[in-house]
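Descriptive analysis of the structure
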Amino acid sequence: VRSMPSLAVAGFMIILGVVCVTDLRSRRIPNRATGLAALIALAAILASGPSRLPVALMASLAVSLPLLIASLINPAGMGMGDVKLMAVIGLYLGWTAVGVLLAGLLVATFAGGAASLFARRPLGETELPLAPFLTLAALVPLLALL
């Protein structure tokens, strides 16, 4: 989504910071944060070219669907906040968000494995919040939009 206004992207990056801190502290992603980010994205898309809305919505659905499935299969392991966050990232980045999802999950997997080894726990027993990894993966493409 190349023509996303810089002000909308900057606002989203601030919201991502809040989401990361909140997820690290409480393992929750506030609906207010993802809702506000989604409203800003939709307004920016409609203001800059309503014809881009279907593509943004399809990308948003495509990148959030795998997390939704994971959340439905194992609600204790994946929260709906992560699903909503990825959906919003899809609104801002369009199909670029596919790479963000893959990179975020890959880094989170390696970090979880390293944390398990460091804590001397069996793999899969270490819980890490996902939002910081998704945010980290989204930073480079978001900065390119500024």
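In case you missed it, the structure is sitting above this.
Values in this document were obtained by computation on a predicted structure and should not be read as measured data. (Residues numbered from 1 in each chain as written. Predicted model: local features only at pLDDT ≥ 70, side-chain atom pairs only at ≥ 80, totals over all residues. Heavy atoms only, no water.)

Following both chains from N to C, one finds helix 1 (residues 6–26) and helix 6 (residues 131–145) inclined at 165°, their axes separated by 10 Å at the closest point. Here helix 1 lies roughly antiparallel to helix 6, going by the angle between them. Where helix 1 crosses over helix 6, the two elements pack in a sense that is left-handed. Every residue of helix 6 that contacts helix 1 at Ser 6, Val 9, Phe 12, Met 13, Leu 16, Val 19, Cys 20, Asp 23 and Leu 24 is listed here: Ala 131, Pro 132, Thr 135, Leu 139, Leu 142, Leu 143 and Leu 145. Residue classes in the contact of helix 1 with helix 6 are distributed as 13 nonpolar, two polar and one charged. (Axes fitted to C-alpha atoms, helices over the stretch in contact; angles between N-to-C directions. Helix = DSSP H or I, 4+ residues; strand = E, 2+ residues; numbered from the N terminus. Parallel < 35°, antiparallel > 145°, perpendicular 65-115°, else oblique. Left-handed = near helix turned anticlockwise from the far one by under 90°. Contact = heavy atoms within 4.5 Å. Nonpolar A, V, L, I, M, F, W, Y, C, P; charged D, E, K, R; others polar.)

Here Asp 23 shows up in helix 1. One buried charged residue, Asp 23, forms no salt bridge at all, with the nearest opposite charge on Arg 27 at 5.7 Å. For Asp 23, the contacting residues outside a window of four places in its chain are Arg 28, Ile 29, Asp 82, Pro 129, Leu 130, Ala 131 and Pro 132. (Buried < 20%, exposed > 50% of the residue type's maximum accessible area, 1.4 Å probe, protein only. Lys, Arg positive; Asp, Glu negative; His and termini not counted. Salt bridge = Lys/Arg side-chain N within 4 Å of Asp/Glu carboxyl O.)

By the definition in use, this model includes one salt bridge. The shortest N-O distance in the salt bridge between Glu 127 and Arg 27 comes to 4.0 Å. In this pair, Glu 127 sits in the loop between helix 5 (97–119) and helix 6 while Arg 27 sits in the loop between helix 1 and helix 2 (31–48), placing the two residues 100 residues apart along the sequence.

We now examine a nonpolar patch on the surface. Together, Val 55, Met 58, Trp 95, Val 98 and Leu 102 give the surface a local cluster of nonpolar side chains, amounting to about 480 Å² of exposed area. Those elements that provide at least two residues to the nonpolar patch are helix 3 (53–73) and helix 5. Its place among the elements puts Val 55 in helix 3. Look at Val 55 and you get partly exposed, because its relative accessible area is 40%. (Patch = residues over 30% accessible without salt bridge, like charges linked within 9 Å, V, L, I, M, F, W, Y side chains within 5 Å. Areas by Shrake-Rupley, 256 points an atom, 1.4 Å probe, with all protein chains shown as cover.)

Phi is positive for Arg 27, which is not a glycine, with a value near 60°. Owing to a relative accessible area of 46%, Arg 27 belongs among the partly exposed residues under this scheme.

This part covers the packing of helix 4 (residues 80–93) against helix 5. Packing of helix 4 against helix 5 brings their axes to within 9 Å, and their N-to-C directions diverge by 140°. In terms of orientation, helix 4 and helix 5 fall into the oblique class. Contacts between helix 4 and helix 5 involve Met 86, Ile 89, Gly 90 and Leu 93 from the former and Ala 97, Val 100 and Leu 101 from the latter. For the contact of helix 4 with helix 5, the residue count by class is six nonpolar, one polar and no charged.

The calculated volume of the largest pocket comes to roughly 810 Å³. Grouping the amino acids of the lining of the largest pocket by side-chain chemistry returns 13 nonpolar, ten polar and seven charged. (1 Å grid on protein atoms, 1.4 Å probe; cavity = no way out; pocket = protein on both sides within 12 Å on 5 of 7 lines; lining within 4 Å. Points joined across faces, edges and corners; volume = space filled by probe spheres on them.)

The final tally for this structure, using the stated rule, is one aromatic pair. Measuring from centroid to centroid gives 4.0 Å for Phe 12 and Tyr 92, while their planes differ by 5°, and the two rings are stacked. With Phe 12 in helix 1 and Tyr 92 in helix 4, this pair connects stretches of sequence that are 80 residues apart. Each member of the pair, Phe 12 as well as Tyr 92, carries the same accessibility label: buried. (Phe/Tyr/Trp six-rings, centres within 6.5 Å; stacked < 30°, edge-to-face > 60°.)

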